[in-house]
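Coordinate inspection notes
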Amino acid sequence: MPVTTTSAAVHITPVVFKTFLKHAKRKGIKYKDGDDTIQGWDDILYDEAFHIVKAFIEFGTRNTVESLQAFTNTRVPAPFWCAVVPVKIPLSSCNKAADALIEWFGPEELKHVVGGERWWQIRGLEWIDAEWITEKAFLEDSDRTHHNKLSEDENTILRMEHLDRVMLYVHGGAYFWGSINTHRYQVIRYARKMHGRAFTVNYRKAPQYPWPCPLQDVLAAYFYLTNPPPGSVHKPVHPSKLVFAGDSAGAALCLTMLTVLRDLGMPQPAGAVLISPWVDLTHSFPSVMKNTATDIIPPHGFIHKPSPLWPVYPKSEGGYTRVVPTKTRPPPQPGHADKLKPDNERLMDQVEQRLQQSADAGKEVHSADLRDPPEDITSQKEMQRDDKDDPPATEEGTSTDDEQVGQDGSKYDIAMDFWEPKPPKVLMEDPNATPLELLAQIQLYATTEQLSHPLVSPVLQSSLGNLCPLYIIAGDGECLRDEIIYIAHKAAHPKDYPARPGVLREGRRQKENAEKFQTPTKVHLQVFDDMCHVLTVFTFTDCAKYAYRSIAQFVKHVTDNSSEHLLRNPFPELHRPPSDISGSEEEDEAHPSTQHPSSKFRRSQHAKHPKGHRAPLDEDNRTDVELYRSNEAIAEREVQQGQAERLPSDASSRTAHEDIPAVLMIRERVDVMGNVRPMEPAEEIEALQLKPQEIGIIKEKPVRRWLAGQEEWDRKYKRAAENVIRKRKKYEAKAARLLEHAREQGLIHDEVGPQESRASQAASISSESVGEIEVERRWGPLDLKDENPPPSAIAGRRDTGEAVALLKKTIYHNAPATHRTVPKLKTSDAVRAVFDPEDHPTKPPQQSVSEQQTHAQLVPVHGLRMWQSLVELFMRKSTKQVQRGKKHASSALRSTSDKISGVGKSPSQSTTRPE
């Protein structure tokens, strides 16, 4: 059963009841034992929501990737009280982003690491879906901005223009699911609290559009905002008024985008908010294995029911297995993937070995089929002892490749066309064991050989210095906790957390960056007790409310102050005098002037509570504004007591009305009530003790956990995998027929010829054709000569329905500039399309659900809208609890105040009449 509202409800409903019963039992045991500690699970709303989200994600793994993508990329209406305007980022902005990435990679890395410069620019739509979002209450009066020639949506964009704080939000979803629809409710809250507007982008997703496709799209969104193309309604957004924000994969894309802008010398935004960023796709940090039970991530990772799209090899056939004991000597060394761009010695060795073994076997032998003599296969310890594959990154070591290539470049290029990386080797727990080899792609976002690239796993950047101020949030219970803590410290201390030598040697830019970008990035790191991955999903919890408020204040601070001011202090908690917070930004906030006079008896600062211990009643029921104000005072105390990291500065002349300057990094933990406390020293944090050589390594435990789940799925969905093979053959035949008929109808395609003018191209279009040549569409699926796209990339495939749909659209409807004609669809193909649910006789077929939004059918209320309604219900209940608590605390304080004022008075002086 595919992922639908009904099927998800059927799967999740028993979880709701089971969680309720377990929660009641656990609370009863705590009450009986007199246990007064507070944990995140004590809140029934969080307990239920956590297990609902976990159950939904687990349910997604029991379905195909396309099914999960379609469900989470379904267009759902926005709440009536917010202004949401859909826009389309045009191909011109996409091309500008592509040019930036082409410059960043350079020709050699593009060819050997990325697989070319064309395939990742191919897309189904002529645009990227995006949205402007803000509160309707924030819109300017329509009488002042209305233009009769503009549509209602365009006028709404103009009514947002006075809101100069802009957040570019990049949603998460493990790079392959989620959309602007799944995250709209969260983004609305950011816009409200920061009193600004947000811009969200529906980037293309893996595995149809793997790395670097999503990176190109988020860069296109940045260029669209800062340099609007002709015809755009909005004015350019100055980078000083822009903040990047994202969660999970989206947060990692934000961080990667920052490094690209930095490296190319382009303006960075005023700041960036990174919520649970996924920065290490090799899973080399300890918390990946330790925190499975307390996180929403599936225990075996993201494995899925087989489909024509994924996995690339749906079943064991022809002797194929996903993991095998290694059959070759290093390189690569245990824990490493092979080089995508080898030196001459490696290259010639493989050519010779493959040719010899191919002659012996009487058939072509690929790198995965290579065999060394069994007696040469040693233990991991012996392989590492003989390690010659990762020498120190000296000048001599880095220049060898270029010198050798220069001696006979033509031979090198011919040999490179023959080169195939050997399977990655797994670092074993037992050094005396023989390492395993990975034959399957584990992550949907990138091939295993690409996982250690710094634009895939930013934790392997040679430097995260010289970036804009970062506000980084993690949950203490999430699997990604350790890597998040690590990158925060790596950014603030570029010299103390270097990349391993192999990364420096293999990347031209990485070696340059390690020397060039040594200025520490200013970072505010907060780790939230008991919270799971992306705690902001659970908007109704006290700590999440504080997180939203703190994020909003960060956005205000970095966009409202000058760059000179931010160099002095990028942290809003240290701004003096404290920034105002308007009560209109949150429905459950009370302006200080409206509070009861007895509130002045409440403590202005709460005591520091150890993790898990209960806070006083009045602190349990504070609003997010009160929490933020209290935590502001704690941040100042941290600086005064030397618990925040500082830069050398003469602050002796600072007045009470000036910011606290020269703070490099604020490191805090946040309890479940939203109260902050200083983080323990770096020496006591396990993640920070890892050596550079241990990071970005493929390790045994995560691999075996993934393999166990994959083998279970192989058994469970054996018949589905067999059906996949048949479906792929069907789609291949359909694609072949489509191409044959297109040529019969007059398709003329020039692979590398010069682009003609628009007029001459238009003349080549069939008079009966319904399509046109898009001059801004640079490439199509027929333009992949000398390209080597990843196996899952839709551009290079013909064996999925989405690949056929892309092919048909780029031939008959919106052809790239390399096409000379747009033929008319053959009548027989049009008739077939009438009876094909995946096709249309006259219109372009629906493009990949990883790119194009779908529309809900039959069920009037979509599951995403139901989740939004559920969150709103939890918010109302949470707000009522706060208000009841405030009334109770206020009443108690008034009573205490009256008793105090009555002490020492005679009965006749008392203003209260005895009953």
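Here is what the cut-offs are and how they apply
- Residues numbered from 1 in each chain as written.
- Predicted model: local features only at pLDDT ≥ 70, side-chain atom pairs only at ≥ 80, totals over all residues.
- Heavy atoms only, no water.
- Helix = DSSP H or I, 4+ residues; strand = E, 2+ residues; numbered from the N terminus.
- Buried < 20%, exposed > 50% of the residue type's maximum accessible area, 1.4 Å probe, protein only.
- Contact = heavy atoms within 4.5 Å.
- Areas by Shrake-Rupley, 256 points an atom, 1.4 Å probe, with all protein chains shown as cover.
- Salt bridge = Lys/Arg side-chain N within 4 Å of Asp/Glu carboxyl O.
- Phe/Tyr/Trp six-rings, centres within 6.5 Å; stacked < 30°, edge-to-face > 60°.
- Lys NZ or Arg CZ within 6 Å of the ring centre and 35° of its normal.
- Polar contact = N/O pair within 3.5 Å; in protein donor to acceptor, adjacent residues only side chain to side chain.
- pLDDT = per-residue confidence, 0-100.
- Lys, Arg positive; Asp, Glu negative; His and termini not counted.
- Pairing = 2+ DSSP bridges.
- Right-handed = clockwise from strand over helix to strand, strands pointing away.
- Expected span 1.5 Å × (residues − 1).
- Axes fitted to C-alpha atoms, helices over the stretch in contact; angles between N-to-C directions.
- Parallel < 35°, antiparallel > 145°, perpendicular 65-115°, else oblique.
- Left-handed = near helix turned anticlockwise from the far one by under 90°.
- Nonpolar A, V, L, I, M, F, W, Y, C, P; charged D, E, K, R; others polar.
- Core = buried A, V, L, I, M, F, W, Y, C linked by side-chain atoms within 4.5 Å.
- Disulfide = S-S within 2.5 Å.

So, on to the overall build of the protein. Helix and strand counts for the protein come out as 27 helices and 17 strands. Looking at the protein residue by residue over its 915 residues, the buried ones come to 59%. Within the protein, contacts between residues at least 6 apart in sequence are counted, and of these 82% link residues at least 24 apart. Approximately 38400 Å² of the protein is accessible, and the part contributed by carbon and sulfur atoms is 53%.

On to the pattern of salt bridges. Within the structure shown, the criterion is met by 43 salt bridges. Among the salt bridges present, the one from R777 reaches E126, with a minimum N-O distance of 2.6 Å. Here R777, found in the loop between β15 (772-773) and α25 (801-812), pairs with E126, found in the loop between α4 (91-114) and β3 (127-135); they are 651 residues apart in sequence, far enough to count as distant. There is no split in this pair, since R777 and E126 are both buried. Measuring nitrogen to oxygen at the nearest pair gives 3.0 Å for the salt bridge that ties D217 to R204. Separated by 13 residues along the polypeptide, D217 in helix α8 (residues 213-226) and R204 in the loop between β5 (197-201) and α8 bring together distant segments of the chain. Three or more residues joined by partner-sharing salt bridges are found here, namely D476, R481, D482, R669 and E680.

Two descriptors summarise a pair of aromatic rings, namely the distance from one centre to the other and the angle between the planes of the rings. A complete count under the given rule lists 22 aromatic pairs for this structure. Taking the centre distance of 5.7 Å and the plane angle of 40° together, the rings of F56 and F71 count as tilted. Taken together, the residues span a long stretch of sequence, with F56 in helix α2 (residues 44-61) and F71 in helix α3 (residues 65-72) at a distance of 15 residues. Put simply, the rings of W41, Y46, F50 and F538 touch in pairs and so form one group of aromatic residues. Over the ring of Y203 we find K205; its NZ or CZ atom is 4.7 Å from the centre of that ring. Its guanidinium or amino end placed over the ring of W713, K716 lies 5.5 Å from that ring's centre, counting from NZ or CZ.

Turning to the environment of S462, a few remarks are in order. Here S462 shows up in the loop between β9 (436-438) and β10 (470-475). Owing to a relative accessible area of 4%, S462 belongs among the buried residues under this scheme. In this structure the C-alpha to C-alpha distance between S462 and L504, which are 42 residues apart in sequence, comes to 6.8 Å. Within the structure, the side chain of S462 is placed 2.7 Å from the backbone oxygen of Q510, a separation counted as a polar contact.

As a further point, take the confidence of the model for the protein. Scored by pLDDT, the protein comes out at a mean of 85, with 82% of its residues at no less than 70. Every residue in residues 613-620 scores below 50 in pLDDT, and together they form 23 contacts with partners more than four places removed in sequence or on other chains. Scored below 50 in pLDDT, residues 752-763 shows 16 contacts in the model against residues more than four places distant or in partner chains.

So, about the environment of L455. Looking at the element boundaries, L455 is found in the loop between β9 and β10. Given the relative accessible area of 1%, L455 is considered buried. Taking the C-alpha atoms as reference, L455 lies 8.5 Å from V260; in sequence the two are 195 residues apart. Other than its neighbours up to four places away in sequence, L455 contacts W104, F105, W211, L215, T256, T259, V260 and Q461.

What follows covers the side chain of E48. With respect to the secondary-structure elements, E48 resides in helix α2. Put simply, E48 is tucked away with no salt bridge, and the nearest opposite charge, on R26, sits 9.3 Å away. A polar contact of 3.4 Å, which involves the side chain of E48, links it to the backbone nitrogen of F20. What E48 contacts, discounting residues up to four positions off in sequence, is V15, V16, T19 and F20.

With five of five residues buried, strand β7 (residues 271-275) lies mostly within the body of the structure. On β7, burial covers both faces: G271, V273 and I275 on one face and A272 and L274 on the other are all buried. Two strands pair when backbone bridges link them, and strand β6 (residues 242-247) and β7 are joined in this way by five bridges, in the parallel orientation. Residue pairing across strands places G246 opposite L274, the latter belonging to β7. Each parallel crossover has a hand, and for β6 linked through helix α9 (residues 249-263) to β7 it is right-handed. Bridging between β7 and β10 involves four bridges; their strand directions are parallel. Of the residues in β10, the one forming a bridge with V273 is Y471.

Here we come to helix α11 (residues 344-361). Count 3.6 residues to each turn of an α-helix, and residues three or four apart come out pointing the same way. For α11, spanning 18 residues, the distance from its first C-alpha to its last is 26 Å, which sits close to the expected 26 Å at 1.5 Å a residue. What α11 keeps buried is the set N344, R346, L347, Q350, V351, R354, Q357 and S358.

Here we take up unusual backbone geometry. Of the consecutive residues P331 and P332, the connecting peptide bond is found in the cis state with omega at 0°. Although it is not a glycine, V534 adopts a positive phi angle of roughly 55°. On the secondary structure map, V534 appears in the loop between β11 (523-528) and α18 (542-560). On the basis of relative accessibility, which here comes to 4%, the residue V534 falls in the buried class.

With respect to the element layout, D129 can be found in strand β3. Separated by 50 residues in the primary sequence, D129 and S179 place their C-alpha atoms 9.9 Å from one another. Once residues lying within four places of it in the same chain are set aside, the contact partners of D129 are V87, K88, T200, V201, N202, E851 and Q853. Of note is the side chain of D129, whose polar atom sits 3.0 Å from the side chain of W127.

Taken across its six residues, β11 has six buried, putting it largely inside the fold. With burial as the criterion, each face of β11 is covered, one bearing V523, L525 and V527 and the other bearing H524, Q526 and F528. Note that β10 and β11 share six bridges and pair parallel. Looking at β11, one finds that A474 is bridged to V527. In the sheet, β11 pairs with strand β13 (residues 663-670) via six bridges, with the strands oriented parallel. When the bridges of β13 are listed, F528 appears paired with V670.

Following both chains from N to C, one finds α8 and α9 inclined at 70°, their axes separated by 10 Å at the closest point. On the basis of the axis angle, α8 is roughly perpendicular to α9. For α8 against α9, the interelement crossing comes out right-handed. Of the residues in α9, those in contact with P214, L215, V218, L219 and Y222 of α8 are L253, T256, M257, V260 and L261. For the contact of α8 with α9, a count of residues per class yields nine nonpolar, one polar and no charged.

Bringing the nonpolar core into the picture now. W132, L168, F199 and F244 are the most contacted members of the largest nonpolar core, which has 177 residues in total. Setting aside residues no more than four positions away along its own chain, F199 makes contact with V87, I89, A130, E131, W132, M167, L168, Y169, A221, Y224 and L225. Counting 16 residues, the second-largest nonpolar core is a separate cluster that includes V426, A440, W706 and L707.

Attention now moves to the state of the cysteines. Throughout the structure, instances matching the rule amount to zero disulfides. Of the cysteine sulfurs around C479, a residue in no disulfide, the closest is that of C532, at 10.0 Å.

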